[in-house]
Amino acid sequence: MNPIDLLIVAVVCGAFAWSMARYAPKAVPGIGLAAQGVLGVYTGLMVRDISFTALGSHWPIVIAVALSTLVLSVAGGALLGLHRDITPLTGGLALVAGGSAGLVAIARELGGDDRVVAAVQYLRVALITAAMPVVATAFYHSTPSHTAEIAEKSSLPWYFTLPLIAAIVAVGAVAGRRLPGGGLIGPMVITIGLEFAGLANGLAVPMVLFQAGIVLIVLQTVLALDRESLRAIRRILPGAFALIMVLNVAAAGLGVVLAHSAGLSMLDGYLATSPGGVYAVLGTAAGSGSNVTFVMASQVIRVVLMLVAAPFVAKMFIRFTPRSAAAVPVHRELVPVTA
């Protein structure tokens, strides 16, 4: 099951859980932190898909494009944050273009509203993923492709894999406890370090564990919904839709710049800079004969950069947002800011 299908299943399950919410506990201690850690390890392992050979001397422009995407998405989020129903901080996190599940997992801890962030992030992924084959076919004359499946590459048996993941999650959570979102960022950074040091060979997060982590995060978010928050989310979605489309067009423009700078085809440039749906990008690239290694490396750099930058984006909004805008009454912010 690919991440898009998984999100749909998780939202459907969440809707059922929401209808039964009065019979369910509000929170299970440690579950959210464990889910964050699993997503952190999974994201950290994605760096093995970065081919520095494929990037060659073009890695500076790839990083520059990823940073430009971050700036554009944060600017769009700031515009979304002008809506009366949400704070600028929540708007900023909602449009950060990468790692949607991870951002939802740490949104509340960063001071944002995880419900708004979830709605806008999953809308971003769904819209850009749906538009990708249409754009690739209509503008770049790509042949329609099959969907790539996520393959588990672990050569380690489960009785080594699970304790190792648990250790990384525990150590990462302790090491990152002073940082906002440390439950995800800590394990992710440790995993990236192990991967680059060659100590994570054969390690992979079992797909069932990864899927359980996403489902738990979505369930926790959906269970926090109420009718007032649903009405507020409905009011902001038209603006979010427009900003997502603008972000997609701007990213395509960055793809043109990347293609010219790195000597790629226009389709490769578009896929390398598409701000959503990493595995949909991989499927399109593989099915169209594109430079898969370059595209995947660019996409992984974007996702990791966005997740690492999220706490700093939150601090920036808190620091530079005028007090009159930051001090939004509780009834205007869907989830009160927690310590």
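Residues numbered from 1 in each chain as written. Predicted model: local features only at pLDDT ≥ 70, side-chain atom pairs only at ≥ 80, totals over all residues. Heavy atoms only, no water.

The protein has the name Membrane protein in an unreviewed UniProt entry, where Mycobacterium paragordonae is given as its organism.

(A) Region of interest: the pattern of salt bridges. Inspection of every chain in the model, using the stated rule, returns five salt bridges. With a shortest N-O distance of 3.7 Å, Arg 84 and Asp 85 are connected by a salt bridge. Arg 115 serves as the salt-bridge partner of Asp 113, at 3.6 Å between the closest nitrogen and oxygen. Both residues of the pair, Asp 113 and Arg 115, belong to the buried class. Salt bridges sharing common partners tie together Arg 84, Asp 85 and Arg 235. (Salt bridge = Lys/Arg side-chain N within 4 Å of Asp/Glu carboxyl O. Buried < 20%, exposed > 50% of the residue type's maximum accessible area, 1.4 Å probe, protein only.)

(B) Geometry of the packing of aromatic side chains. Applying the stated criterion across every chain yields a total of five aromatic pairs. Pairing Phe 52 with Phe 196 gives two aromatic rings, centres 6.2 Å apart and planes at 45°, and the pair type is tilted. Remark: Phe 196 occurs in helix H9 (residues 182-196) and Phe 52 occurs in helix H3 (residues 52-55); sequence separation between them is 144 residues. Ring geometry for Tyr 159 and Phe 160: centres 5.1 Å apart, planes at 55°, overall tilted. Aromatic rings pair up to connect Trp 158, Tyr 159 and Phe 160 into one cluster. (Phe/Tyr/Trp six-rings, centres within 6.5 Å; stacked < 30°, edge-to-face > 60°. Helix = DSSP H or I, 4+ residues; strand = E, 2+ residues; numbered from the N terminus.)

(C) Region of interest: the environment of Leu 103. By secondary structure assignment, the location of Leu 103 is in helix H6 (residues 100-107). Residues Leu 103 and Asp 114, spaced eleven residues apart in sequence, show a C-alpha to C-alpha distance of 8.4 Å. Filtering out sequence-adjacent residues up to four positions away, Leu 103 remains in contact with Leu 93, Val 96, Gly 98, Val 117, Gln 121, Leu 307 and Ala 310. (Contact = heavy atoms within 4.5 Å.)

(D) Spatial organisation of a nonpolar patch on the surface. Side chains of Leu 156, Trp 158, Tyr 159, Phe 160, Leu 162 and Leu 164 sit close together on the surface and give an oily, nonpolar patch of about 620 Å² of accessible area. Examined against the element boundaries, Leu 164 turns out to sit in helix H8 (residues 158-175). (Patch = residues over 30% accessible without salt bridge, like charges linked within 9 Å, V, L, I, M, F, W, Y side chains within 5 Å. Areas by Shrake-Rupley, 256 points an atom, 1.4 Å probe, with all protein chains shown as cover.)

(E) Fine view of the nonpolar core. Membership of the largest hydrophobic core comes to 90 residues, with the highest contact counts inside it found for Leu 80, Val 120, Val 205, Leu 258 and Leu 271. Sort the elements by how many residues they give to this core and helix H14 (residues 292-320) lands first, with 15 residues. Not counting the four nearest positions on each side in its chain, Val 205 is found in contact with Val 38, Val 41, Tyr 42, Leu 45, Ile 165 and Phe 210. (Core = buried A, V, L, I, M, F, W, Y, C linked by side-chain atoms within 4.5 Å.)

(F) Spatial organisation of helix H7 (residues 114-140). In a regular helix each residue adds 1.5 Å, so 27 residues correspond to 39 Å; H7 covers 36 Å between its end C-alpha atoms and thus fits that length. Considering bend angle alone, the principal kink of H7 is centred on Met 132 and spans about 30°; proline Pro 133 follows within four residues of it. Between a side-chain oxygen at the N-terminus of H7 and the backbone nitrogen of Arg 115 the separation is 2.9 Å; the capping residue is Asp 113. Just downstream of H7 lies His 141, where phi reads positive at about 55°. (Expected span 1.5 Å × (residues − 1). Bend = angle between axes of the 7 residues up to and from the residue. Polar contact = N/O pair within 3.5 Å; in protein donor to acceptor, adjacent residues only side chain to side chain.)

(G) Inspection of the packing of helix H2 (residues 31-45) against H8 at higher detail. Put simply, H2 and H8 touch, their axes get as near as 9 Å, and they point 110° apart. As the angle between them shows, H2 and H8 are arranged roughly perpendicular. The segment H2 lies against H8, with Leu 33, Ala 34, Gly 37, Val 38 and Val 41 engaging Ile 165, Ile 168, Val 169 and Ala 173. Considered class by class, the residues forming the contact of H2 with H8 number eight nonpolar, one polar and no charged. (Axes fitted to C-alpha atoms, helices over the stretch in contact; angles between N-to-C directions. Parallel < 35°, antiparallel > 145°, perpendicular 65-115°, else oblique. Nonpolar A, V, L, I, M, F, W, Y, C, P; charged D, E, K, R; others polar.)

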